[in-house]
Every structure is written in C-alpha cells, then in structure tokens.
Number of protein chains: 4
Amino acid sequence: MAEHVVRLGPLVYEISRLREPVLTIDPGDSVLVETEDAFSGQVRVPGDVRDRTALPLSDPVAGPIVVNGAEPGDALSVHVVDIEPLLGQCATYVLPAPHVVATLASPMPDMTRICQIDDGQIRWSEDVTIPYRPMIGLIACAPAMGAPTTVDAGDFGGNMDLREVAPGATVMLPVFVPGGYLYLGDCHAAQGAGEVSGIALEMPARSRIVVGLGKGIHMGWPRIETDTELLAVACGRPLDEAVGKAFSRLAMWLERSYGWRRWEALSLLSQVGETSVGYYWGGGVAAKIPKSYVERT
Amino acid sequence: MAEHVVRLGPLVYEISRLREPVLTIDPGDSVLVETEDAFSGQVRVPGDVRDRTALPLSDPVAGPIVVNGAEPGDALSVHVVDIEPLLGQCATYVLPAPHVVATLASPMPDMTRICQIDDGQIRWSEDVTIPYRPMIGLIACAPAMGAPTTVDAGDFGGNMDLREVAPGATVMLPVFVPGGYLYLGDCHAAQGAGEVSGIALEMPARSRIVVGLGKGIHMGWPRIETDTELLAVACGRPLDEAVGKAFSRLAMWLERSYGWRRWEALSLLSQVGETSVGYYWGGGVAAKIPKSYVERT
Amino acid sequence: MAEHVVRLGPLVYEISRLREPVLTIDPGDSVLVETEDAFSGQVRVPGDVRDRTALPLSDPVAGPIVVNGAEPGDALSVHVVDIEPLLGQCATYVLPAPHVVATLASPMPDMTRICQIDDGQIRWSEDVTIPYRPMIGLIACAPAMGAPTTVDAGDFGGNMDLREVAPGATVMLPVFVPGGYLYLGDCHAAQGAGEVSGIALEMPARSRIVVGLGKGIHMGWPRIETDTELLAVACGRPLDEAVGKAFSRLAMWLERSYGWRRWEALSLLSQVGETSVGYYWGGGVAAKIPKSYVERT
Amino acid sequence: MAEHVVRLGPLVYEISRLREPVLTIDPGDSVLVETEDAFSGQVRVPGDVRDRTALPLSDPVAGPIVVNGAEPGDALSVHVVDIEPLLGQCATYVLPAPHVVATLASPMPDMTRICQIDDGQIRWSEDVTIPYRPMIGLIACAPAMGAPTTVDAGDFGGNMDLREVAPGATVMLPVFVPGGYLYLGDCHAAQGAGEVSGIALEMPARSRIVVGLGKGIHMGWPRIETDTELLAVACGRPLDEAVGKAFSRLAMWLERSYGWRRWEALSLLSQVGETSVGYYWGGGVAAKIPKSYVERT
C-alpha cells in the first residue's frame, strides 16, 4: 500500500463535496495528515488569545481526500495508527454554553492556557499534569447535498469530539458522494467527557491513518471499532435523543452483523451498555458494548 | 453505633415528608434495608409479566427513615456497605421511550426475563452472563413542599439510577425537612449506562447502609464520593442541560471545598472530567473527576 | 345549583390528595374563589420586592375543593364565568430562565412594578396601558400518587399558564382520586404568549367558576373548550415534544368525539391548527382548532 | 425600479454562496419568482405519491439572486407583494416526527392529498375548505461558510415555515457575503401553527417580491415586519430555547431601534408578546409584539 502525506495547507472550514481534493488514494493506503488546531494557530505563545472577531471560524480541517472506488452506500474505514503533536504543545481557553455561564454566575476571567507536551504528559499547570491521550475531534465524509461547517456534527460525522477516535481505533463513515471526500482535523491532546467548557486541549497534529473501503455497507451513520468495543454514534441536540438513537443504532448493528434480534440487543444494552459523551452540547455521543458480549456462541 | 433493620413492608410510591417514619436513627447508625423490586414483585417466576394496568405504579421504596438532629441545610451521607439479592434473582423487560420504539420500528416481542444470581454472576441467558454490580436506583430525602413520585428525579435525588450508588460509595443528599426523611429502593443487580430500555436488572434487595449527618453543608443537590472519584449530580430533561449543570456543580464544589476557583475548575473538568449517565430520559447524570486531580499541592 | 364561596385562607403550595378539603360541592354548583397572587402578597405597595429567601415558595392556591360523585376516570369541567381583581391591582417583576439572562447579558435592574387596574385597563407605566385579560394560571386535580408543587405542570394540569383559562371557557381536568380535589390560583390580569420573563401580571383575584362532572370520560390530560375552539394541552420540557403531544392529543380527541380518524385529523391540524404557548419553559402549551372545522357534515 | 422574472428552472437544494446567480438586481427592484413545491413536483395528479427513495431531497428553491451593493453586515429586506398558485393546486401528505408516530400508534395510511385552489379557498376535502393564506416557507441569504440544505433553518433564515412571510410583510435577512445570495421557495397555500405533520399545503407558486438593502444593519438573525407587528425569529431545537432566544432578540431590537431598555422590553413582552410557531420540530419560531406598544411617547 502506498504512503502519502498531507502537509499543513490552506485552512478549510467546511465539509464540502465541491472542494478540490488535496489527495487521491487507493483503499488500503496510509496517509500522514498534518492539521492545524481549532484556533487556526491564533494561540501559540503566552499572551496570545483567541480572537473571534478577527477570525470567527473555528476547527480548520485537512482535506478533502478522495478514495478511488468509493461510491454512495459504501463506508470508509479510517484506522488511526498514531497522533503526534506537531509543535509539542496544545492550548485551551473557555467558551461554555450560556446556561453554564449563567449557572457559574461569577465573572469569567481569561482562561487561555498553553501547555507543553513531554513524554506522554501534558503540563496543564505547575501542579497538574494530564496524560497525553490524543484524539481526532473532527472526521467526516462530505454529504451529498449541502456543506456543513466544521463546527457541525451529524450523520456525516463531523465535529463529534469522541475520544475513541484515537490510536488503535477504526472509524467507519458513510460515503455519500463518489470518492468519499474525507476530511479530518480538530485534534486534541486530551479531552474530558462532555467537553463542558466547549474547548479541549487543542493541538496542531500529525495523524497517521490507514484508509479502507467497505463496499455496499449501507449504514448511514458513523461507527467506531476498537480492540475491545463496538460504538454507534449519534449527534446533535437534545443529547437524550442522541443517546437513545445511538443505542438504537447499536442494537440494529448487532442485529445486522452479529446475529442478534434488535429488541433482544436493546435489552442487553440496557444492562451492559456504556456511553461516551463527546461534546455534550450538540456534538457526538456513542453507545458502546464490549465485544465480548457480542460474539454469540 | 446502633444497627437497625427495615424489613420489607407496605410498598411506598412517593417521597413525602408527611409519611409516618418506619425508623428513627442517630447519625452513624447502620441500617439493613429490605426493598422490593421496581415491579412490586409482579415478575417472580417464568410466565409472569409486568401488568401496569393492575398496578400503574413503579419503584416502591422503603422509608421514611428519620435521622435525629437532621435540619434543613444539613446533608445526610449514606455510605453503602453492601447490597445483596433478597431472593437470589433479578428480572427485566423492555419499556423504552417512544422515540426508541419508533426508531427500531419492528414489533416489540415480550422481553420479560428472570435471571438467577450466583456467585457474582447474573445468568442473563443461556449464552450470556453479566457480572453482578449492584446499585441503589432510588435514594432521596423528602422535599420541603410537594411529594415527588418514585419515578421522578431532581435535586432531592430520587430515581437517579446512577451506578455509583453502590457498595463502597457515599451519597450525600440535601436535607429539606427536620429529620431528613430518607427513602431508598429500586435496586439493580446490574445496569448499563443510560438504561436505554427504561429498565435495568431489577432486584429485591437487602442493602446495608451507614447514615451520617453533615451539619450546615448547604449544598442543594446530590453528591457522591467513592474511594477515587467525586461526583456531582443533576437530573431531568433535556440531558444536555443536566450534563452542563452537573459539571457546573462539580466546579462549584471544587471551589468551595478544595481551593479551586470555579472557572479554573471548569477548564480542568473539560479536559479530565468524566460523565456517568443514569437513566438517560429524565433520570440522573453525574459529572466526575478523579480525586487525584482535586487535591492541590 | 348551590353557590359557594372560598375566602382567602391559609396559603397552599402543593396539589395533594391528602389535604383537608376547604369545600365540598355537588356537580353544577358555582363557587366564588378568592386567591392570593403568585408572590403570596409580598408585592403590594411601591418599594416592595419579591423576597425568595424569606419565602422560596410561589403560586399559592385555593383548595382542595371536593366534588361529590367524582371518581377516577371521570373529568371535572370548570367553566370560568368571570375573574375580578381582588385589590384592583396586579404586580410583576422579572425572573427569566438562565439562557435568557445570558443572552441579554446586560445587568438586570429591579423590574418590580405594581399596576393599577381600572376600567378594563392595566396601567403598566405612564406611557403604556394593557387591556385587562384575566386568566387562571394554575388549575388542577390532585394526582393519585405524589403531590406536585404549585410551580409544576403536567397531565394533572397545574401551573400551565394558558391564557384560554379565562372567562367564557371551560377547562376539563382528569379526576385521579375520589372527589377530584380541585385546586386553582395564580391568576393573571394579563399575560403574553410564552411568559418569557417567567412572570405575568400577577393578581389576587376573585374567580367565579361553575364545576361540572363528566362521568367515565377517561381522557388523561387537560382540555379546554371555548365558544369557538377546542384545545388539547401538554406540559413540560422540551417544548417541541409538548407541542407534538398536544396536537396528537387533539387528533385523538377529534377521533374519539367528532368522527374523525386520527391521521386524517392530524393532517388537517397541520394546515389549520393553532398553538397557544403558556409558560414556554416547562409550563403548558395547547394545540387548538376552530370548532367550525370539527363538526363534520 | 426594474422588474425581473425568475422562471422555474433547475431545482436547487442548498443555500450556497458558491452557486452561479440566476439574477442580479439593484436594491428596490421587484422580482417575480416561480418556485416548485416541496415535493419537487412528484405529487401532481391523484395517484401520485411522494417517493423519497427516488428523490430524497426536499424543498427545492429558486436562486441565488444577487443584490448589487449588498455587503456583509447589511440586511436584505424582502417585501412580499403577493403569492399566487402556479398551477391552481396544492398537495400534502403526512411525515411526522417519530414521537408523534409513536403517540398516535395506529398504522398510518397514505394521506396524500391534492387540493384545488379556487377563489381564495382550498378544497381540502369534500367537506372541508380552508382559506387560501399563502406564505413563503423558505427564505434565506447564503452564509459565509458552509451551505445549509433546504430543510435546515438557522440565523440565515432558511426553512423557517413562518406564516407571516406572506403578502404585505417584509422579511429582513442578514447579509453574510457580498451580493447577499438570496434564495426562496417552499411556498404553502396554507399552514397551521407548528405544521405538526411535517408538511403543509405545498404549492408551486409565483411570488412577487420587492428587494431592498439596509446598509450596516448588523443584526445577525431574521426579522419580519408587518403593518401591525414586529417579529424576531429564532430557529432550531429545542423549541423552548428558540422561544426564549426570539423574545431576547425582540427585546434587543426594541432597545436598539425604539428607545426601550432591554430588560424593560422583556418585561413588557412577558405581558403582551405573542408567538408564532413555524415548524415546531426544528424550524422557526417568532416572538411578536404589536407595533402600537412599541412606539414610545
């Protein structure tokens, strides 16, 4: 299989089937993808702040990458091999939803922070280090009509902010247009469940992925598979509907591919299922089940 | 400290300050509490089904237990020592929210199941065993006005369905009326995150608790503490508001009791926080942080 | 038919089947009911403010009124004859949901206002008069289990804040316990759709009602009928689910009582239906249809 | 001022700044715009049904129309002069949200209906005629980044389904890109509040509009003005947040343009405001106030 590189290039803020591809590959190829951080590089050195007036757009991505042979109804599988910091650092500030601002009441100071990444640890403050747990916040194939911005999430994937899109995992995304038109970006050095402040430890990154093609999969929403778990994804508000939809999707996947009947699967999920909340205010949530429950004797 | 027993008695379906106490204790006492399952015992042997026409009420509880000295503004701490099956079995069926029923589309068969519990394992089916992970689904102090039913959850606690209310953990509940008026029930042999089918592995149980009293705590919502984590709870729909509220509460707790400033705490939670979804459609959700992050040098 | 009077009495803040009735009547009787305003009388003269620390409870009501012969499965019909100001004035201030506070951003001054009512007009300010359009904000029959507070709304009715509960209209409420246990209060001199500030023009009032009894109606949610419209009610958050539920209920009512098939009715409602938003953040919403469409040739 | 015509052309399903304009006009010009119905013409004669497999896209629009001089920060004003049926008929069927399907439970028959429009009346059935009250369901200026599909609604306008976008009214839309890039379509012969079945009386139409340009308005969301009312619009789920946002926007507009202070305006809106629900499940909702209250002495 061929190996490709996508260097940091002009920043892209929409997931569109109409953009000129930056790369065309064959299924099975690997790609090293450089991506800028969610702040478009505005926060690099102490003293920098995110200036949304100068640049209202967030979450620039790399892409589109075209995959030969990908047709509507197929699925792209993106295996994440590793994710490295591009500049050895990450950054964050705080931009919570209005209801959180209102609840905390007290005036919000500037919370901008630039953190060095060394030896598997993120130096968050003098006192606090956080383990480096990189992930890809945004991954998507372009829809057949319309072009979501890079802050959106939906059945096309997009800005899901799911921590399981990480080294060792494989994301499957529905293909909507010939070639797939894969985008990715918004990498995080680490992130908590829910991403409550609206922002993670945003990081310019170099991600190595291997892209496969599943023909005729016809599953119209994102899935993730790790060594130990199957995950079905749903996005958007309100979160409770997304959770119910994610579990329903997981039940239908277990029926389709693992010999379960859907209601039986749902019953089991109600006892052993887990959830993974990406961005709690409109991003992705995944319903998960350990693979050990899935394979039937 | 004294040890008490609350035997299975008349079934109670509301969390009321007006009920006659079943027990009065001193802070530090332990209580062995027997509780019926969420089905009020309707599903005991194969062939039984939940009959909501005959009995529309669910989640009977034991209580109220009065704690001497408890005053409004205090908090009861309920340390869960252990939870044992009362009858060596648990039961479940499927009662999902309408949007899940609509998504799965296919007619829903009877999914009633009675499962034996042996040696730390629940025999869910011929093929599938699930580890016994008992929890208390409902725990609450009566509010100062009104009386929620036992299917409700709110700042008084109630039907939160949080898995961390389990052996080894301590739940703290705000006291609203003198004596506290503690109720508990709706025990589960196991449960998945989200409890998507609306029902867990419901179990008549014998729970051993130790009840303490924190004077003048003045924190108007439930908290949980385990050996390794702090959890702040919020309940109700929509779930995304509850998640944001739970994290906000956790940030304010870290400020109040651990020397953090709230916005700094929120920023950290956005990177290392975790969520625990109880019942995703109106029950409880907890925001969690490992204690290792909380103690400041 | 007998005429009764319920004078202003001890303030009640919960809708409970367990309270001592203040009055027992026969179906067809009329009752003149005096009610305090939502502020429990705290805002009477200029300079007064609502003090929620001194009194956290809101929306005191009169009741319960027991209706002889009312049994579970019946419906009480409450025809509103008229609503008069008890003190010739009303009052308001501003208590919006957090998301509104966050959106308007600017510091919120004290917006307390006491307005005289004269000659069918409310003197809101020097410049602005508002027509006197009185309504009953809270009307309910006690549920069979639990006791909602007077800020809650649900299938029992409660704090719906629907403007159509006004002179000339008839509200129908499901009976859950023998005797019905009717409560009412929270009268408004006027109110806008949505009640966006959380508060209307709250008014101590004297309401004249005629109470009827419909045997075996078995419709588990509130309805309203005026000279020209039929209204079906649903309550709670999120509002979009309540709207869909209200229209579904209206379609089922048209099927049951007017010879329509439900899907046909829903299709018509999508073209000629109207909505009435009570309190937009968890209160009631009604789906409405002009009676002229309903009677079939 | 010049008069233009946009004839029915290739169907467009996204609101994009990148499409080739179909027309360029000067501010003050009038345009006669022909639009196909939401079904893309699939439902024309009895026996036709909407076939979403053959055509998954809905709500084709006309456009983009470029307005000379329109710059980001400006607003386009679109005065609707009249809306006529293009083919003398309209059509509908039923596609409700899952929660409504689940609530009505009973199997849903084919509800496709084609209705003739004569003399100001829509012949909905043998028994039922509905007054012809035409409206434009979708009107939008293209956003600066991304391209919403024609089923979406947001601060750019889009598929709001607000009945006040009707003859005699003026809609104001924020301009995001030079030229504005105006789109419109999805006309209805009539529609109920909430549009609960998901579909109105969809109609191919000829709309006459006069397009104006407000320089430097800088108001980032849609507004509507009629002879008697001012309306501020918010879109999306959940509906309660959209209602609160719409009223907040109206309060800020009253502050900015009519001499009110925002909190004072919000207080008044809570007493005299009205709501107009477009599509209740993610479309637009408007907060309204009679102009008679707005002009201050």
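Please refer to the structure higher up on the page.
The rules behind each value
- Residues numbered from 1 in each chain as written.
- Chains lettered and ligands numbered in written order.
- Predicted model: local features only at pLDDT ≥ 70, side-chain atom pairs only at ≥ 80, totals over all residues.
- Heavy atoms only, no water.
- Pairing = 2+ DSSP bridges.
- Helix = DSSP H or I, 4+ residues; strand = E, 2+ residues; numbered from the N terminus.
- Axes fitted to C-alpha atoms, helices over the stretch in contact; angles between N-to-C directions.
- Contact = heavy atoms within 4.5 Å.
- Buried area = accessible area lost by both parts, 1.4 Å probe.
- Salt bridge = Lys/Arg side-chain N within 4 Å of Asp/Glu carboxyl O.
- Polar contact = N/O pair within 3.5 Å; in protein donor to acceptor, adjacent residues only side chain to side chain.

A.B. asks: Would you mind going over the sheet that holds strand S3 (residues 30-35) of chain C in detail, with residue names and values included?
C.D. replies: All names here are of chain C. In spatial order, the strands read S1-S3-S16-S5-S13-S17-S18-S20-S19; together these nine strands make up an open sheet with mixed pairing. Taken across any chain shown, the strands that pair with only one partner, and hence form the sheet edges, are strand S1 (3-6) and strand S19 (274-277). Taken over all neighbouring pairs, the strand axes of this sheet differ in orientation by 25° on average, direction set aside. Of the strands in this sheet, strand S17 (223-225), strand S18 (229-235), S19 and strand S20 (284-290) touch helix H2 (residues 239-258), which is tilted by about 135° from S18. Taken strand by strand, helix H3 (residues 262-272) contacts S19 and S20, and its axis lies near 95° from that of S20.

A.B. asks: Help me get a handle on the sheet that holds strand S18 (residues 229-235) of chain B, residues and values and all.
C.D. replies: Residues and elements named next belong to chain B. Read from one edge to the other, the open sheet built from nine strands follows the order S1-S3-S16-S5-S13-S17-S18-S20-S19, with strand pairing classed as mixed. Of all strands in the sheet, those with a lone pairing partner are strand S1 (3-6) and strand S19 (274-277), marking the two edges. Here the average twist between neighbouring strands, direction ignored, is 25°. In the sheet, strand S5 (residues 75-85) pairs with strand S16 (residues 205-214) via ten bridges, with the strands oriented antiparallel. Bridge pairing in S16 links Ile-83 to Ser-207. Sheet contacts for helix H2 (residues 239-258): strand S17 (223-225), S18, S19 and strand S20 (284-290); angle to S18, the most-contacted strand, approximately 135°. Where helix H3 (residues 262-272) meets the sheet, its contacts fall on S19 and S20, and the angle it forms with S20 comes to roughly 95°.

A.B. asks: Quick one: what's the story with the interface of chain B and chain A, residue by residue and with numbers?
C.D. replies: Of the residues lining the interface, 64 residues belong to chain B; the matching set on chain A comes to 63 residues. With both chains or domains summed, chain B and chain A bury close to 5200 Å², and 64% of this area falls on carbon and sulfur atoms. The largest share of the area that chain B buries against chain A comes from B:Leu104, B:Trp263 and B:Gln271, three residues that together contribute 17% of it. Inspection of the chain B/chain A interface yields four salt bridges. As a salt-bridge pair, B:Arg163 and A:Glu274 come within 2.8 Å of each other at their nearest N and O atoms. Scanning the region where chain B abuts chain A turns up 30 residue pairs in polar contact (both at pLDDT 80 or more). Going through the elements one at a time, helix H1 (98-104), strand S9 (129-131), H2, H3 and S19 of chain B are the ones with two or more residues in the side of chain B that touches chain A.

Remember, this is a structural readout, not a statement about activity or role.
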